[in-house]
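Descriptive structure summary
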Amino acid sequence: MMLLKPTYTIEELITRCKAGERKAQEQLYKQFAAKMLGVCMRYATDRMEAEDMLQNGFIKVFKKLEDYRGDGSFEGWVRRIMVHSSIEYYRKHHKMVQMVDVTEMSNEPSVNPVVMANMDVKDLMGIIQQLSPGYKMVFNLYAIEGYSHKEIAGMVGITEGASKSQLSRARAILKDMVLKMEDKKYGYAG
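An account of the accompanying structure is given in this report. Since we're looking at a predicted model, the values are computed, not measured.

What follows concerns the overall build of the chain. Helix and strand content of the chain: 9 helices and 0 strands. Counting the 190 residues in the chain, one finds 38% classified as buried. Considering only intrachain contacts with a sequence separation of at least 6, the fraction spanning at least 24 residues in the chain is 68%. Entry remark: accessible area of the chain is about 11,600 Å², with carbon and sulfur atoms responsible for 54%.

Right, here's the structure in full:
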């Protein structure tokens, strides 16, 4: 006779985790680990580093669980912890490069909107992963997580101008990569 594990709501899992129940912690981890690994991958240099970020993030989730008040989604709360934990890990293990402000690029070739519309999310994420770590972090925090340059500067330990500069440069590099992909796929000259 096989025993089925009980399925709990998020609220029940949180309550049980706060009470220190290991099985509930394991279930909570399993419920969010895959999605949060994806978040960590955006800030890591490789999968092993992302897994370290994930583990550190979950340690913080369980330590800070008493602070969760139920305002907003629990997944969003966990995600914020993962982002901050990933940045903290990155800052501890990698040197952040201060960038000087650059002027906006002008007369750049534009990306064909049809190509962008048909681009697979996996391809786009793969292109973003190719950015240097500093550019990738600022791009992810601004374009994907929705943080302001002021917030990014405080989180990452760079100036607001450096955040703007890194985002501008990341966008230019991404645009160049997409144009090259467009050339290969469709034989466009630019």
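With that settled, consider the pattern of salt bridges. Applying the stated criterion to the full structure yields 8 salt bridges. R16 is the salt-bridge partner of E21, the closest N and O atoms lying 3.1 Å from each other. By relative accessible area, R16 is classed as partly exposed at 28%. K30 is paired through a salt bridge with E26; the nearest N and O atoms lie 2.9 Å apart. Residue K30 and its partner E26 are both found in helix α2 (residues 22–41); the two are separated by 4 residues, about one turn of the helix. Because the salt bridges share partners, they merge into one network encompassing R42, R79 and E145.

Take the packing of aromatic side chains next. Within this structure, the stated rule accounts for 6 aromatic pairs. When the ring of F58 is compared with that of F62, the centres are 6.1 Å apart and the planes differ by 35°; the resulting orientation is tilted. Of this pair, F58 and F62 are both found in helix α3 (residues 47–64), 4 residues apart, which corresponds to roughly one turn of the helix. Look at F62 and you get partly exposed, because its relative accessible area is 25%. Among the aromatic side chains, those forming a connected cluster through ring pairs are F32, Y68, F74 and W77.

Among all positions in helix α1 (residues 10–18), only L13, I14 and C17 are buried. Buried residues of α1 fall within an arc of 100° about the axis and therefore sit on the same side. In α1, the exposed positions angled more than 90 degrees off the buried face are occupied by E11 and T15. Check the buried side of α1 and you find it contacts α2, α3 and α4 (74–93). Positive phi shows up at G20, right after α1, with a value of about 85°.

The rules behind these values
- Residues numbered from 1 in each chain as written.
- Predicted model: local features only at pLDDT ≥ 70, side-chain atom pairs only at ≥ 80, totals over all residues.
- Heavy atoms only, no water.
- Helix = DSSP H or I, 4+ residues; strand = E, 2+ residues; numbered from the N terminus.
- Buried < 20%, exposed > 50% of the residue type's maximum accessible area, 1.4 Å probe, protein only.
- Contact = heavy atoms within 4.5 Å.
- Areas by Shrake-Rupley, 256 points an atom, 1.4 Å probe, with all protein chains shown as cover.
- Salt bridge = Lys/Arg side-chain N within 4 Å of Asp/Glu carboxyl O.
- Phe/Tyr/Trp six-rings, centres within 6.5 Å; stacked < 30°, edge-to-face > 60°.
- Arc of directions from axis to C-beta.

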